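Observations on the model geometry
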Amino acid sequence: MTAALTALLLGEIAPGLFAWRGDSSRDIGGEASRSGWIVRDLDTTTVQDAAQLYDQIATAWDLPEWFGRNLDALWDVLGDLAVAPVLIVWTGCDDLTQVDPELAQTILELFRDASTQASALAVVVLQAPELTDLDGLL
């Protein structure tokens, strides 16, 4: 574990929106899970639009059929998830940025805002776009 990831998982640094610059083969989710965090993966490598994004989230996070598939509903889900330490590991943010930069930026901002509202909600973006303003590097 990198020192920064260890500090995050131990609660020594504030949760937030982080870019992963470490070894791409590391099992970040497994490390977080072993540290008592709930892990939610998000893979947007093949997502082409907002509808597919929300479908991907609903499927990956096993959300109920009535999930609203919009920003407000996603905000609510993040609030519900954050009752315990939660780590979202996002693969494919850079792919989504290539297809729909506005959507990718909106989701990044939503994740950042949600992580500042919750005491233990962190998002690690794998292959983060270089122009993205994140809270730090892990």
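Here we summarise the structure given alongside this text. (Residues numbered from 1 in each chain as written. Predicted model: local features only at pLDDT ≥ 70, side-chain atom pairs only at ≥ 80, totals over all residues. Heavy atoms only, no water.)

**Concerning the overall build of the protein chain**
A count of helices and strands for the protein chain gives six helices and five strands. The linear arrangement of helices and strands in the protein chain, starting from the amino end, is α-β-α-β-α-α-β-α-α-β-β. On C-alpha atoms alone, the protein chain measures out to a radius of gyration of 14 Å, which is about the 14 Å that the 2.2 N^0.38 rule sets for 138 residues. Across its three principal directions, the C-alpha atoms of the protein chain cover 35 × 30 × 25 Å. Looking at the protein chain as a whole, 45% of its 138 residues qualify as buried. The long-range share in the protein chain, meaning contacts at least 24 apart out of those at least 6 apart in sequence, stands at 68%. Accessible area for the protein chain stands at about 7000 Å²; split by element, carbon and sulfur atoms hold 48% of it. (Helix = DSSP H or I, 4+ residues; strand = E, 2+ residues; numbered from the N terminus. Rg over C-alpha atoms; globule rule 2.2 N^0.38 Å. Buried < 20%, exposed > 50% of the residue type's maximum accessible area, 1.4 Å probe, protein only. Contact = heavy atoms within 4.5 Å. Areas by Shrake-Rupley, 256 points an atom, 1.4 Å probe, with all protein chains shown as cover.)

**As for the packing of aromatic side chains**
Enumeration according to the criterion identifies two aromatic pairs in this entry. Here the aromatic rings of tyrosine 54 and phenylalanine 67 are separated by 6.4 Å at their centres, their planes lie at 65 degrees, and the arrangement is edge-to-face. Of the two residues, tyrosine 54 sits in helix H3 (residues 50-60) while phenylalanine 67 sits in the loop between H3 and helix H4 (71-81), which places them 13 residues apart along the sequence. Phenylalanine 67 carries the same exposure label as tyrosine 54, and that label is buried. Summarising the aromatic geometry, the rings of tryptophan 90 and phenylalanine 111 are spaced 5.6 Å apart at their centres and angled 90 degrees between planes, so their arrangement reads as edge-to-face. (Phe/Tyr/Trp six-rings, centres within 6.5 Å; stacked < 30°, edge-to-face > 60°.)

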